[in-house]
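# Results of the structural survey
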Amino acid sequence: MKRALQVFVFAMAIGLFLAACSTDPRQVRITETNKDKFVDEIKDLKGLTVDESRLLFGFLMRHKLATGLGQAPASLAGRTVGDLISEQRSFETDARKREEEQARLAAEAKAKEDALAAELRKAINLTVFDKGYLPSNPIGGRYRDYITIKCAYENTSGKDVRAFTGAVRFTDLFGKLIFEIRLTISDPAKAGAKATWEGTIDYNQFIDAHRSLRNTELKDMKVVWIPKSIIYVDGTQVGKAE
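Below, the structure is looked at part by part. From a predicted model like this one, the values you see are computed outputs, not experimental measurements.

## Focus on the side chain of Thr 165
Secondary-structure assignment places Thr 165 in strand β3 (residues 161–172). Polar contacts involving the side chain of Thr 165 include one to the main-chain carbonyl oxygen of Leu 183, which spans 3.0 Å. Setting aside anything within four residues of it in sequence, one finds Thr 165 in contact with Leu 183, Thr 184, Trp 225, Pro 227, Lys 228, Ser 229 and Ala 241.

## Some remarks on the sheet that holds strand β7 (residues 237–239)
Ordered in space as β4-β3-β6-β7, the four strands form an open sheet in which the pairing is antiparallel. The outermost strands of the open sheet, each flanked by one partner alone, are β4 (177–185) and β7. Geometrically, the sheet is characterised by an average inter-axis angle of 20 degrees between neighbouring strands, direction not taken into account. Contacts from helix α4 (residues 81–121) reach β6 (221–232) and β7 within the one sheet, and its direction differs from that of β6 by about 80 degrees. Packing against the sheet, helix α5 (residues 208–215) makes contact with β3, β4 and β6, and its axis sits at approximately 85 degrees to β4.

## Here we look at the layout of surface pockets
Here the largest pocket defines a volume of roughly 340 Å³. Around the largest pocket, the lining comprises 14 residues; the ones closest to its centre are Lys 35, Asp 36, Leu 60, His 63 and Leu 76. Only α2 (38–42) and α3 (50–68) provide two or more residues apiece to the lining of the largest pocket. In terms of residue count, α3 provides more of the lining of the largest pocket than any other element does, four residues in total. Looking at side-chain class alone, the lining of the largest pocket contains six nonpolar, three polar and five charged residues.

The rules we used
- Residues numbered from 1 in each chain as written.
- Predicted model: local features only at pLDDT ≥ 70, side-chain atom pairs only at ≥ 80, totals over all residues.
- Heavy atoms only, no water.
- Helix = DSSP H or I, 4+ residues; strand = E, 2+ residues; numbered from the N terminus.
- Polar contact = N/O pair within 3.5 Å; in protein donor to acceptor, adjacent residues only side chain to side chain.
- Contact = heavy atoms within 4.5 Å.
- Pairing = 2+ DSSP bridges.
- Axes fitted to C-alpha atoms, helices over the stretch in contact; angles between N-to-C directions.
- 1 Å grid on protein atoms, 1.4 Å probe; cavity = no way out; pocket = protein on both sides within 12 Å on 5 of 7 lines; lining within 4 Å.
- Points joined across faces, edges and corners; volume = space filled by probe spheres on them.
- Nonpolar A, V, L, I, M, F, W, Y, C, P; charged D, E, K, R; others polar.

Below is the structure:
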């Protein structure tokens with residue numbers, strides 16, 4: 001009789017052990033009692049995939065961050081581990097959709113900008129033919145250092161131009177941005193006319209981009225003309241000034 005009881009107790013222990021091992025961690029319900037330790041309770045249970053574990057800890061990190069920022073996230077009590085995983089998966093899916101939508105909108109805007117610039121280049125052709133440096137000269141009344149820029153442009157639109165605006169982008173030979181300047185030229189240019197424009201940039205020796213622009217020879221840079229808008233003498237305007 002005693003031995004039979006021992007066998008029964010042993011069988012019950014094995015059964016409980018197997019039941020515990022077969023517990024689906026996704027079904028573990030979070031309560032006010034175990035909400036701070038349920039992760040420890042399920043860590044030895046098999047069933048979660050690597051991605052589900054990542055999603056679970058991603059959710060808990062977001063929940064902890066929200067709490068640390070003084071927000072009031074919904075209580076975990078009453079939900080299962082599977083609920084948290086599903087919520088994080090939905091959160092990441094929505095975030096990915098938003099990123100994809102933002103990327104799509106940015107790509108569309110960039111394509112429109114590039115198309116407009118290409119069209120406007122047919123009307124105004126501009127290039128930089130000289131870049132220099134003009135140091136301050138307090139005795140002569142010049143109290144700042146300047147980088148000087150000289151541009152040549154041509155009105156190839158077939159119409160008289162009243163003014164135009166755009167940007168000149170300087171990059172290294174591999175296309176890495178060095179500096180970009182905005183310019184507006186308000187000198188009327190008749191159809192077919194050529195002219196030059198000179199401008200200055202206040203030089204700050206503590207700005208890396210300024211130093212790079214000053215110290216890089218024009219022959220060692222690419223100059224990209226990005227027209228934004230042209231106003232013709234007849235009052236019509238193409239593009240939009242920023």
